Amino acid sequence: MEPRDPNLTLALHFVETGQPQRALTHLDRANADQTDNPFFWYVRGQALYDLEEFDSAIQAVHKGLTLAPEAIFLLYQLCNCQSRQGNLAAAERTLLKALQQAPEDPELLCRYAILVSEGGQLDKAEQLVEEAARFDPEHPAIARTQATLAYLTGHDRQAAEASRRTLLSNPDDIYGQYMLGVSLAAEGRVGDADVYLRTAARLDPLNEAITSTTRHSRLIAHWLLWPLRPVQRFGPMKIWLAAIVVIFGLWELGFAKLTTTLATVYLVYCVYSWVAPPLLKWWLQRQRPGYR
């Protein structure tokens, strides 16, 4: 359904560009007859959702559903609102109502997969993605959902691979850029991760979750923290165990002086790993007042 009122058209534009408050301003200016248009309530609901005013968003969506009870785009939106409120049971009922009308829709099946994964049903989530792929293996929602599920289960490499598949079909996919960044960061590849997270932040500068992650990525990818890359990649426990094995191995072999030197270097390294990150963050905050 295409909006006809110019203010509704502008409101949709502002929602799509991450300016929900401006969208609401134009909706308030729309012709009175637009309140009989289900799409009007969809746009209003999305603007309120983006502002995290979920109760008001649900009220708007319900007004749209009063006009079009079977509208899948409104049911999908209501599911999102209910999920953000933590009401997973209601969200599932809403989504199943949409799936009754379009049981082979990959977008709905993938949304259902994410929903059940929030409730800890990861096996069911993977089955739903497989079912979606059976209907349309090239649908972009499939790779995005596979990346999310892989990341949630700690399979960072698979998450990165799925995110790359998303970006092959759409290089400007914000979620694909973001998921590839966080997946690479989880693998310890902070330099590569920073590139993708910066791209995601550039594409969606008003998304606080993305910008916050990107600021953290910028911190750990800073050249002053380059010596800590092994810790970021392998974890502090593995580095500690490796250091202990080498130090005691050298001691047993009779290299007392080398053992002392290496132990001192490792101690300095530990102190650096504790002190450098908070000091660097403090310095960045002084240099860039908007940095958090």
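Refer to the structure printed above.
Residues numbered from 1 in each chain as written. Predicted model: local features only at pLDDT ≥ 70, side-chain atom pairs only at ≥ 80, totals over all residues. Heavy atoms only, no water.

Some words on the layout of surface pockets
Here's step 1: Put simply, the largest pocket is a space of about 1,800 Å³.
Here's step 2: Surrounding the largest pocket, 40 residues form its lining, Y49, D50, Y175, D204 and N207 being those nearest its centre.
Here's step 3: Top element by residues in the lining of the largest pocket is helix α9 (residues 140-152). It accounts for six residues. (1 Å grid on protein atoms, 1.4 Å probe; cavity = no way out; pocket = protein on both sides within 12 Å on 5 of 7 lines; lining within 4 Å. Points joined across faces, edges and corners; volume = space filled by probe spheres on them. Helix = DSSP H or I, 4+ residues; strand = E, 2+ residues; numbered from the N terminus.)

Notes on the packing of α9 against helix α11 (residues 174-186)
Here's step 1: With their axes 10 Å apart at the nearest point, α9 and α11 run at an angle of 25° to one another. When the axes of α9 and α11 are compared, the pair comes out roughly parallel. In this structure, the crossing between α9 and α11 has a hand that is left-handed. Of α11, the residues touching α9 (which contributes R144, A147, T148 and Y151) are Y175, M179, V182, S183 and A186.
Here's step 2: For the contact of α9 with α11, a count of residues per class yields six nonpolar, two polar and one charged. (Axes fitted to C-alpha atoms, helices over the stretch in contact; angles between N-to-C directions. Parallel < 35°, antiparallel > 145°, perpendicular 65-115°, else oblique. Left-handed = near helix turned anticlockwise from the far one by under 90°. Contact = heavy atoms within 4.5 Å. Nonpolar A, V, L, I, M, F, W, Y, C, P; charged D, E, K, R; others polar.)

Regarding unusual backbone geometry
Here's step 1: Positive phi, normally seen in glycine, also occurs at E52, with a value near 65°.
Here's step 2: Of note, E52 is situated in the loop between α3 (38-50) and α4 (54-67).
Here's step 3: By relative accessible area, E52 is classed as exposed at 52%. (Buried < 20%, exposed > 50% of the residue type's maximum accessible area, 1.4 Å probe, protein only.)

Some remarks on the packing of helix α5 (residues 72-84) against helix α6 (residues 88-101)
A pair of packed helices can be characterised by two numbers: the angle between their axes and the separation between those axes.
Here's step 1: Running from N to C, α5 and α6 point in directions that differ by 165°, and their axes come no closer than 8 Å. Compared by their axis directions, α5 and α6 come out roughly antiparallel. The two elements α5 and α6 meet at a crossing, and its hand is left-handed. Taking contact as the criterion, the partners of I72, L75, L78, C79, Q82 and S83 in α5 are, on α6, L88, A90, A91, T94, L95, K97, A98 and Q101.

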